[in-house]
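Tertiary structure, described
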Amino acid sequence: MTTPPTAGPTEEEQAALRDRISADSLTTRRDYLRIVATVSGGLVVGSTVVSAGVLHRHGDGSAPPLKVADRLGSGEAVTFNYPGENDRAMAIKLADGQVVGYSTVCTHLACGVLWRKDRGEEGELYCPCHEGVFSARTGEVTAGPPPRPLPKVIMVEDAAGAVWAIGTARSGEGVEAGLCRGLRDRDPALAEAAGCPKDGS
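The numbers attached to residues start from 1 for each chain and follow its sequence in the written order. Side-chain atom pairs in this predicted model are given and counted only at pLDDT of 80 or more, local residue features only at pLDDT of at least 70, and totals for whole chains, interfaces and linings cover all residues. Heavy atoms throughout the structure, all of them, feed into the side-chain values; hydrogens and water do not.

1. Quick word on the overall build of the protein
- Where helices and strands are cited, they refer to DSSP runs of H or I of at least four residues and of E of at least two residues respectively, numbered from the N terminus. The secondary structure content of the protein amounts to three helices and ten strands.
- Along its sequence from the N terminus, the protein presents helices and strands in the succession α-β-β-β-β-β-β-β-β-β-β-α-α.
- Working definition: with a 1.4 Å probe on protein chains only, accessible area under 20% of the residue-type maximum means buried, over 50% means exposed, and in between means partly exposed. Across the 201 residues that make up the protein, the buried fraction comes to 33%.
- The long-range share in the protein, meaning contacts at least 24 apart out of those at least 6 apart in sequence, stands at 41%.
- Methods summary: accessible areas were calculated by the Shrake-Rupley approach with a probe of 1.4 Å, and residue burial reflects only the protein chains presented. Carbon and sulfur atoms form 57% of the exposed surface of the protein, whose accessible area is close to 12,200 Å². Two residues qualify as a contact provided that any one of their heavy atoms is within 4.5 Å of a heavy atom in the partner residue.

This is how it looks when you write it as structure tokens:
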């Protein structure tokens, strides 16, 4: 026995179906736009917070001196952790014999900074994530999006040629200010005797 063909949906049913599909599509588009706006907003806020330096990416506390190399040759670099075990840093011996040190966490979006000995007159510190470039001598930004210089690690070379990290200076802070800040944290009386300003400026 064959069943009689059923009539197709009426125009009214077809219109109701179209309205429901349109409503579903609109909801999906709204949800999609809401997700995109939320993610984009989160990325903007996160990158702004990181760029503004609100989140510290390099140790602010004082740390004891750390021997990082028995000897460094001209143009050589060594990586180490200082002042904390999660604070990535690098020491470089420049062509004129000066030893400099920096955090290797880029001030843009916290990618790792690399040493490129063969670039420029003195080499350069380079962030491959967004093409950021920093001066090997000063840590200042020379190209790319990083908003601030690299924080410094204060380095000394002893009479035997060993290289030591002895303190830190924040991004844009001078070596003397960094040493005074560390000394003030450890021994305020000694910092005052050494002529360090009391307010940290």
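2. A closer look at the sheet that holds strand S8 (residues 141-143)
- When DSSP locates at least two bridges between a pair of strands, those strands are taken to pair. The four strands lie next to each other as S5-S6-S7-S8, forming an open sheet whose pairing is antiparallel. The open sheet has two edge strands, strand S5 (114-116) and S8, and neither has a second partner. Pairwise comparison of adjacent strand axes, ignoring direction, gives a mean angle of 40 degrees for this sheet.
- Here strand S7 (residues 132-135) runs beside S8; their pairing, made up of two bridges, is antiparallel. Lines are fitted to the C-alpha atoms to define the axes, a helix being fitted only along its stretch in contact, and any angle between axes, read from their N-to-C directions, falls within 0 to 180 degrees.

3. Structural notes on the nonpolar core
- Judged by nonpolar contacts, the single largest core of 14 residues is most densely connected at Ile92, Val113, Trp115, Leu125, Phe134 and Leu150.
- At the level of secondary structure, the elements contributing two or more residues to this core comprise strand S3 (88-93), strand S4 (99-103) and strand S6 (124-127).
- Beyond its immediate stretch of four places on either side in the chain, Ile92 contacts Leu72, Glu76, Ala77, Gln98, Val99, Val100, Trp115 and Leu125.
- Grouped together as the second largest cluster of nonpolar side chains are 13 residues, Ala89, Ala91, Val163 and Ala165 included. Among buried residues, the Ala, Val, Leu, Ile, Met, Phe, Trp, Tyr and Cys ones that are joined through side-chain atoms within 4.5 Å form a nonpolar core.

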